[in-house]
Amino acid sequence: MYTPETSKLFQKKINPSNGVPHYVLKERAAIFQQGFYFVNNSMTTDGRYLWFYASFPPMHNADCRMLGFIDFEEDSLNVCNDTLFNSASPWVHPVSGEVYFTWNNMIFKRKPKKDAVSEMIFKFKSNRLTKGIATHLTPLDDECNSFFLDIREGNNDFSVGVANIKTGEYELWYKSPFLMNHGQINPANSKLALCAYDGYTDIETGESPWIPTNKDGVYERLWTVEPGGKATLHAPIGEMASHEWWSSDGEKIYYVSKSGINFKNIHTGEHKTVHKCDPWHAHTTKDETLYVYDDVLYDKYPVWYRGCASAVRLFNAKTGKVTDIVSRMSENNWTPDNQCDYHIDPHPRFCENEKYIIFTTSNEGGADLAVANVEEVLTFEK
């Protein structure tokens, strides 16, 4: 079987700052070919299938994208025109390679075969949907009989709960007075989910309410929810929190902030910063010894904007060392006054077998799928 290092579909790239290699999908089946949002897995454990986002401007990829997949056994590239999806919803089964995704009020699944056809497996009953039913799908069980949903109906009707694929029913967990999204089921407890208070645009007024800080000084980003309407706010370290995810054992809520990469243990209460940096997104291995993250570079413009320059780095908690995978990802022609219309953040993530880090690179002039071999990167640690 081929790998990103040996596939004819990929081209080796070298970080000029330190010699670290990564591999970019050079074979083109779509104009933009991106890695998944960092929360969701996109590669099977055996390394055979790797799914990616495929966009064809002027279709706006934040609202309307397709999926493609690489079959490393056949060394083939496929884009599936029956896989339009909302938000960053796709999730890949680590064994079968089947992809699950949402479109409007429906959940679909598709096999990683060129001649396969997407199958609708769930439909949420509502006539008022505007933004879909899941930011990014996470299953409650290995058989994918249920998925956690975060739903926005109409303009300002928000809820979270569970889609039962077998019965077709939706189990409401919590009706939220604000936009609660980025829902992720706890990997060790199917009765607990992580959610985020997020900003949004009111369709009627055009106003964009943002995440508040309450009277106790707590920034209200991080929440856990349980069946029966229970929602718990978790105070972050410092004045803000963003881009949260569960540890693989379900013990910790990880998130990034100006303090760095942080976690809170929901059982012991331990709360600490594991790496002081200024990250944008981050992800960790199952044993929580390696952390990959991207951060914004302010070397040309002093503000964040979509399409800004960035870097992708690997932090080794055992040694305390940081190794740049990409020291500078170009902003190309995008500026604060002329931002990219596409969600091309690097979003680095360890794949399921943790052999690779998958991210999106802008260094080829647009948005391209990139893969780094973890062990190969570690050999450059200094």
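For the structure, check the block above.
A brief structural summary.

Basis of the calculations
In this convention, every chain numbers its residues from 1, walking through the sequence in written order. Note on the predicted model: pLDDT of at least 70 is required for a residue's local features to be given, and 80 or more for side-chain atom pairs to be given and counted; whole-chain, interface and lining totals, by contrast, use all residues. Side-chain calculation: all heavy atoms of the structure are included, whereas hydrogens and water are not. Helix and strand definitions follow DSSP, with helices as H or I runs of at least four residues and strands as E runs of at least two, each counted in order from the N terminus. Salt bridge, as applied in this entry: a Lys or Arg side-chain nitrogen positioned within 4 Å of an Asp or Glu carboxyl oxygen. Any residue under 20% of the maximum accessible area for its type is buried, any over 50% is exposed, and the rest in between are partly exposed; the area is computed with a 1.4 Å probe on protein chains only. Whether two residues are in contact is decided by their heavy atoms: any pair within 4.5 Å suffices. Whenever a nitrogen or oxygen atom comes within 3.5 Å of another N or O atom, the pair is scored as a polar contact, on the condition that within protein one atom can donate a hydrogen and the other can accept it, and that pairs from neighbouring residues in sequence are kept only if both atoms are in side chains. Here a strand pair is declared whenever DSSP counts at least two bridges between the two strands. Aromatic rings from Phe, Tyr and Trp, with only the six-membered ring used for Trp, were paired whenever their centres fell within 6.5 Å, and each pair was classed as stacked if the ring planes differed by under 30 degrees, edge-to-face if by over 60, and tilted otherwise. Charges are assigned to positions over rings by a cutoff of 6 Å between ring centre and Lys NZ or Arg CZ, combined with an angular limit of 35 degrees from the ring normal.

## So, unusual backbone geometry
Peptide bonds are mostly trans, and most non-glycine residues show a negative phi.
Alright, step 1. A positive phi angle, close to 55 degrees, is found at Ser87, a residue other than glycine.
Alright, step 2. Inspection of the secondary structure assignment puts Ser87 in the loop between strand E6 (76–85) and strand E7 (91–92).
Alright, step 3. Although it is not a glycine, His182 adopts a positive phi angle of roughly 50 degrees.
Alright, step 4. Here His182 is to be found in strand E15 (residues 180–186).

## Points about the pattern of salt bridges
Alright, step 1. Scanning all chains against the criterion turns up 24 salt bridges.
Alright, step 2. Close ionic contact of Glu98 with Lys111 constitutes a salt bridge, the shortest N to O distance being 3.2 Å. Within this pair, whereas Glu98 is found in the loop between E7 and strand E8 (99–103), its partner Lys111 is found in the loop between strand E9 (106–110) and strand E10 (119–123), the two being separated by 13 residues in sequence.
Alright, step 3. Residue class for Glu98 comes out buried when judged on its relative accessible area of 11%.
Alright, step 4. Looking at Lys111, the relative accessible area reads 48%, which means it is partly exposed.
Alright, step 5. A salt bridge links Asp157 to Arg128, with the shortest nitrogen-to-oxygen separation between them at 2.7 Å. Of this pair, Asp157 sits in strand E13 (residues 157–164) while Arg128 is found in the loop between E10 and strand E11 (138–139), placing the two residues 29 residues apart along the sequence.
Alright, step 6. Since its relative accessible area comes to 18%, Asp157 is described here as buried.
Alright, step 7. Judged by relative accessible area, which is 41%, Arg128 ranks as partly exposed.

## Regarding the environment of Lys113
Alright, step 1. Summarising the element assignment, Lys113 is placed in the loop between E9 and E10.
Alright, step 2. Its relative accessible area of 36% is what places Lys113 among the partly exposed residues.
Alright, step 3. Once the C-alpha coordinates of Lys113 and Thr83 are considered, the two residues, 30 residues apart in sequence, prove to be 13 Å apart.
Alright, step 4. With residues near it in sequence (within four places) discarded, Lys113 still touches Arg48, Tyr49 and Phe69.
Alright, step 5. Within the structure, Lys113 has its side chain in polar contact with the side chain of Tyr49 (distance 2.9 Å).

## Thoughts on the sheet that holds strand E28 (residues 356–361)
Alright, step 1. In spatial order, the strands read E1-E2-E29-E28-E27; together these five strands make up an open sheet with antiparallel pairing. Each edge of the open sheet carries a strand with a single partner, namely strand E1 (10–14) and strand E27 (349–350).
Alright, step 2. Here strand E2 (residues 21–25) runs beside strand E29 (residues 368–373); their pairing, made up of two bridges, is antiparallel. Its bridge partner being in E29, Val24 is matched across the sheet by Ala370.

## A look at the sheet that holds E10
Alright, step 1. Taken in spatial order, the four strands of this open sheet run E7-E8-E9-E10, and their pairing is antiparallel. Since the sheet does not close on itself, it has two edges, and those belong to E7 and E10, each with one partner.
Alright, step 2. Pairing analysis gives two bridges linking E7 to E8, with the strands arranged antiparallel. Looking at E8, one finds that Val92 is bridged to Val99.

## Some remarks on the side chain of Asp324
Alright, step 1. Along the chain, Asp324 turns up in strand E26 (residues 321–329).
Alright, step 2. With a relative accessible area of 17%, Asp324 lands in the buried category.
Alright, step 3. A distance of 2.7 Å separates polar atoms of two side chains, one belonging to Asp324 and the other to Arg313.
Alright, step 4. Here the side chain of Asp324 touches Ser327 through a polar contact of 2.8 Å, side chain to side chain.
Alright, step 5. Dropping the residues within four chain positions of it, Asp324 is found in contact with Asn15, Asn18, Val20, Val312 and Arg313.

## Some details on the packing of aromatic side chains
Alright, step 1. If you walk through the whole model with that rule in mind, you get 23 aromatic pairs.
Alright, step 2. Residues Phe101 and Phe108 carry aromatic rings whose centres are separated by 5.5 Å and whose planes lie at 15 degrees to one another, so their mutual orientation is stacked.
Alright, step 3. Relative accessible area serves as the criterion here: at 1%, Phe101 is assigned to the buried category.
Alright, step 4. One aromatic cluster is present, built from ring pairs that chain together Tyr37, Phe38, Trp245, Tyr254, Phe263, Tyr291 and Phe315.
Alright, step 5. We note Arg65 situated over the ring of Tyr53; from NZ or CZ to the ring centre the distance is 4.4 Å.
Alright, step 6. Cation over ring: Lys252 sits above Phe263, and NZ or CZ is 5.2 Å from the ring centre.

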